[in-house]
Amino acid sequence: MSAGSAVLLAGATGLVGGLALRRWLERGDGPLLVVPVRRPLDVDHPRLLALPGGWDEKSIANALATRGARLDAYACCLGTTIRQAGSREAFLEVDRDLVLSLAGIARRLGARQALMVSSVGASAQSGNFYLRVKGEAERGLAALGFERIDCLRPGLLLGERSGHRRAEALGQKLAPLANLLARGPLRRYRAIEADDVAAALVKLCGRGGEGRFIHENAALLAAAGGD
């Protein structure tokens, strides 16, 4: 990305978001990262502007102004579970409503690209509540007028989380066998390392072109390993 550019990164305290944050900060030519957070980040870096409680447009705009930075992209790694959120309504507030609220702010502040970590199978018409919410968030992004939208749709994420998710822990143990069985059209459902998703997110950010791009397992791995 060009000098003076910035990325609004949401979900930096989560699994993929934290890994993406680290990768961006390790790059000598990386963008300024404007990061709204609910709890403090254990990171200090000259290209990081953490905004505790700064989920509103004024806070984000002021942060950009203090550094004379131009917002080029919105990278969303927000995600929770119904168990963690406490109810379906609370889950919706994070995985759809907050995702789109920040996206709207980013677009109004000039971002041309939006990237979202979604889920394989996401569809606004899905009968599965989780996948339907992810699909609704993707559809909402498409209505905001971004020049380019990248929807990253991984399967089960492999990696160490700070919170305990029993179903995911079991899934991670079974992932090697499941991946062997997931061939052909089922390959898109393979489990994937969260760090590969983070690497793909960072490398896709700043890509040229216009339109909506869907990245599933094979495309994510290709993007993660590309230059």
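Everything in this summary refers to the structure shown in the same document. (Residues numbered from 1 in each chain as written. Predicted model: local features only at pLDDT ≥ 70, side-chain atom pairs only at ≥ 80, totals over all residues. Heavy atoms only, no water.)

1. Focus on the overall build of the protein chain
Alright, step 1. The helix and strand tally for the protein chain stands at eight helices and nine strands.
Alright, step 2. On the protein chain, roughly 10900 Å² of surface is accessible, and the fraction owed to carbon and sulfur atoms is 52%. (Helix = DSSP H or I, 4+ residues; strand = E, 2+ residues; numbered from the N terminus. Areas by Shrake-Rupley, 256 points an atom, 1.4 Å probe, with all protein chains shown as cover.)

2. Regarding the sheet that holds strand 5 (residues 113–117)
Alright, step 1. Read from one edge to the other, the open sheet built from seven strands follows the order 3-2-1-4-5-6-9, with strand pairing classed as parallel. For this open sheet the edge positions go to strand 3 (48–52) and strand 9 (211–215), each flanked by a neighbour on one side alone. Pairwise comparison of adjacent strand axes, ignoring direction, gives a mean angle of 20° for this sheet.
Alright, step 2. Bridge count between strand 2 (residues 32–37) and strand 3: five bridges; the pairing is parallel. Its bridge partner lying in strand 3, Val-34 is registered against Leu-49. (Pairing = 2+ DSSP bridges. Axes fitted to C-alpha atoms, helices over the stretch in contact; angles between N-to-C directions.)

3. Some remarks on the environment of Ala-200
Alright, step 1. Tracing the backbone shows Ala-200 in helix 7 (residues 194–204).
Alright, step 2. Relative accessible area serves as the criterion here: at 0%, Ala-200 is assigned to the buried category.
Alright, step 3. A sequence separation of 180 residues divides Ala-200 from Ala-20, and the C-alpha atoms of the two residues are 8.9 Å apart.
Alright, step 4. If we ignore the near neighbours within four places in the chain, the residues touching Ala-200 are Leu-152, Leu-220, Ala-223 and Ala-224. (Buried < 20%, exposed > 50% of the residue type's maximum accessible area, 1.4 Å probe, protein only. Contact = heavy atoms within 4.5 Å.)

4. Let's talk about the packing of helix 1 (residues 15–26) against helix 7
Alright, step 1. Their axes nearest at 8 Å, the elements helix 1 and helix 7 cross at an angle of 55°. Overall, the two elements helix 1 and helix 7 adopt an arrangement that is oblique. Here the hand of the crossing between helix 1 and helix 7 comes out right-handed. For the pair helix 1 and helix 7, the contacting residues are Leu-15, Val-16, Leu-19, Ala-20, Arg-22, Arg-23 and Trp-24 in the first and Ala-194, Asp-195, Val-197, Ala-198, Ala-199, Leu-201 and Val-202 in the second.
Alright, step 2. Its residues placed into classes, the contact of helix 1 with helix 7 shows 11 nonpolar, no polar and three charged. (Parallel < 35°, antiparallel > 145°, perpendicular 65-115°, else oblique. Left-handed = near helix turned anticlockwise from the far one by under 90°. Nonpolar A, V, L, I, M, F, W, Y, C, P; charged D, E, K, R; others polar.)

5. A closer look at the pattern of salt bridges
Alright, step 1. This structure, assessed with the given rule, holds 14 salt bridges.
Alright, step 2. Between Glu-136 and Arg-96 there is a salt bridge; the shortest N-O distance is 2.9 Å. Placement of Glu-136 in helix 5 (residues 129–142) and of Arg-96 in helix 4 (residues 88–108) is noted, with a sequence separation of 40 residues between them.
Alright, step 3. A relative accessible area of 16% means that Glu-136 is categorised as buried. (Salt bridge = Lys/Arg side-chain N within 4 Å of Asp/Glu carboxyl O.)

6. A closer look at the side chain of Asp-95
Alright, step 1. Mapped onto the elements, Asp-95 comes out in helix 4.
Alright, step 2. A polar atom in the side chain of Asp-95 sits 2.8 Å from the side chain of Lys-134.
Alright, step 3. Once residues within four sequence positions are removed from consideration, Asp-95 is found in contact with Gly-79, Thr-80, Tyr-130, Val-133, Lys-134 and Ala-137. (Polar contact = N/O pair within 3.5 Å; in protein donor to acceptor, adjacent residues only side chain to side chain.)

7. Details of the packing of aromatic side chains
Alright, step 1. Summed over all chains, the structure comprises two aromatic pairs.
Alright, step 2. For the pair Phe-91 and Phe-129, a centre-to-centre distance of 5.7 Å together with 45° between the ring planes defines the contact as tilted. With Phe-91 in helix 4 and Phe-129 in helix 5, this residue pair connects regions lying 38 residues apart in the sequence. For the pair Phe-91 and Phe-129, one class covers both residues: buried.
Alright, step 3. Take Phe-91: its relative accessible area is 1%, and that puts it in the buried class.
Alright, step 4. Feature note: the residues Phe-91, Phe-129 and Tyr-130 constitute an aromatic cluster, connected by ring pairs.
Alright, step 5. One residue, Arg-88, lies across the ring of Phe-129, its end atom 4.2 Å from the ring centre.
Alright, step 6. For the cation-ring pair, Arg-107 lies above Phe-146, with the distance from its terminal atom to the ring centre recorded as 5.9 Å. (Phe/Tyr/Trp six-rings, centres within 6.5 Å; stacked < 30°, edge-to-face > 60°. Lys NZ or Arg CZ within 6 Å of the ring centre and 35° of its normal.)

8. A look at the nonpolar core
Alright, step 1. With 35 residues, the main nonpolar core has Leu-21, Trp-24 and Val-35 as its most contacted residues.
Alright, step 2. Only strand 1 (5–10), helix 1, strand 2, strand 4 (70–76), strand 5, helix 7 and helix 8 (217–225) provide two or more residues apiece to this core.
Alright, step 3. With eight residues, helix 7 is the single largest residue contributor to this core.
Alright, step 4. Setting aside residues up to four positions removed in sequence, Trp-24 forms contacts with Val-7, Leu-9, Gly-30, Pro-31, Leu-33, Arg-47, Ala-75, Leu-201, Val-202 and Cys-205.
Alright, step 5. Counting residues in each nonpolar core, the second largest holds 30 residues, with Val-99, Ile-105, Ala-111 and Ile-149 among its members. (Core = buried A, V, L, I, M, F, W, Y, C linked by side-chain atoms within 4.5 Å.)

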